[in-house]
Amino acid sequence: MDEHIKKVYVPMSETAFYILLCLRKESHGYGIVQKVKKLTNGEIRIAPGTMYGSLAKMEKDGLIRFVREEEKRKIYVITELGETVLQMEMKRIERLYRNMKEVQHAYASTKIL
């Protein structure tokens, strides 16, 4: 994997994470915005400028690819490189979560007296 990709995408922003996660199935920008809104119960809303800028950058970097156009909407899907980067980020998040739980458990155990 190119060092540029690692430097730019690991760790990745929530926006990049959700875009790649959503593009495991073909979708267009607006579809991703709606899916992220639903997944996060409205806590994360990706603005159109952010979405389309991110899609363009990810396509340029080879993490996603243009599939086709439907009703003036560009459809994208994650690439093998994008999936590799997403898997790296998911492992990083899992490690963070696991470590947080271990520290919380250790802290809770020391408070019981």
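Residues numbered from 1 in each chain as written. Predicted model: local features only at pLDDT ≥ 70, side-chain atom pairs only at ≥ 80, totals over all residues. Heavy atoms only, no water.

Asks: Looking at this structure, I do not really get the packing of helix 2 (residues 14–22) against helix 3 (residues 29–39). What am I missing?
Replies: Each pair of packed helices can be described by the angle between their axes along with the distance between the axes. Where helix 2 meets helix 3, the closest approach of the two axes is 10 Å, and the angle between their N-to-C directions is 110°. By the angle between their directions, the pair helix 2 and helix 3 is classed as roughly perpendicular. Side by side, helix 2 and helix 3 meet where Tyr 18, Ile 19 and Cys 22 of the first sit next to Ile 32, Lys 35, Val 36 and Leu 39 of the second. Considered class by class, the residues forming the contact of helix 2 with helix 3 number six nonpolar, no polar and one charged. (Axes fitted to C-alpha atoms, helices over the stretch in contact; angles between N-to-C directions. Helix = DSSP H or I, 4+ residues; strand = E, 2+ residues; numbered from the N terminus. Parallel < 35°, antiparallel > 145°, perpendicular 65-115°, else oblique. Contact = heavy atoms within 4.5 Å. Nonpolar A, V, L, I, M, F, W, Y, C, P; charged D, E, K, R; others polar.)

Asks: It is not clear to me how helix 4 (residues 48–61) should be interpreted in this structure. Could you clarify?
Replies: One full turn of an α-helix is made of 3.6 residues, so residues set three or four places apart face in the same direction. Here helix 4 is 14 residues long and its end C-alpha atoms lie 20 Å apart, about the 20 Å a rise of 1.5 Å per residue gives. Of all the positions in helix 4, only Met 51, Ser 54, Leu 55, Met 58 and Asp 61 are classed as buried. Projection of helix 4 onto a plane perpendicular to its axis shows the buried side chains occupying an angular sector of 135°, all on one side. Counted as exposed and oriented over 90 degrees from the buried face of helix 4: Pro 48, Gly 49 and Lys 60. Directly after helix 4, the chain includes Gly 62, whose backbone phi takes a positive value near 85°. (Expected span 1.5 Å × (residues − 1). Buried < 20%, exposed > 50% of the residue type's maximum accessible area, 1.4 Å probe, protein only. Arc of directions from axis to C-beta.)

Asks: What's the story with the environment of Ala 108 in this structure? I'm lost.
Replies: Examined against the element boundaries, Ala 108 turns out to sit in helix 5 (residues 80–111). The spacing of Ala 108 and Ser 27 is 81 residues in sequence and 44 Å in space, taken between C-alpha atoms.

Asks: Looking at this structure, I do not really get the nonpolar core. What am I missing?
Replies: Within soluble globular proteins, side chains that are nonpolar generally end up buried alongside one another. The biggest cluster of nonpolar side chains holds 24 residues, and the ones touching the most others in it are Leu 20, Leu 23, Ile 32, Leu 55 and Met 58. For this core, the element with the highest residue contribution is helix 2, accounting for six residues. Filtering out sequence-adjacent residues up to four positions away, Leu 20 remains in contact with Met 12, Met 58, Leu 63, Ile 64, Ile 78, Gly 82 and Leu 86. (Core = buried A, V, L, I, M, F, W, Y, C linked by side-chain atoms within 4.5 Å.)

Asks: In this structure, what is going on with the packing of aromatic side chains? I would like to understand it.
Replies: Aromatic rings in a pair are described by how distant their centres are and how their planes are angled relative to each other. Taken as a whole, this structure holds two aromatic pairs when the rule is applied. Taken together, a centroid distance of 5.5 Å and an interplanar angle of 80° make the contact between Phe 17 and Tyr 18 edge-to-face. Look at Phe 17 and you get buried, because its relative accessible area is 15%. Relative accessible area serves as the criterion here: at 16%, Tyr 18 is assigned to the buried category. Between Phe 66 and Tyr 76 the ring centres are 6.2 Å apart and the planes differ by 75°, which places this aromatic pair in the edge-to-face class. Linking Phe 66 in strand 1 (residues 64–70) with Tyr 76 in strand 2 (residues 73–78), this pair joins segments that are ten residues apart in sequence. (Phe/Tyr/Trp six-rings, centres within 6.5 Å; stacked < 30°, edge-to-face > 60°.)

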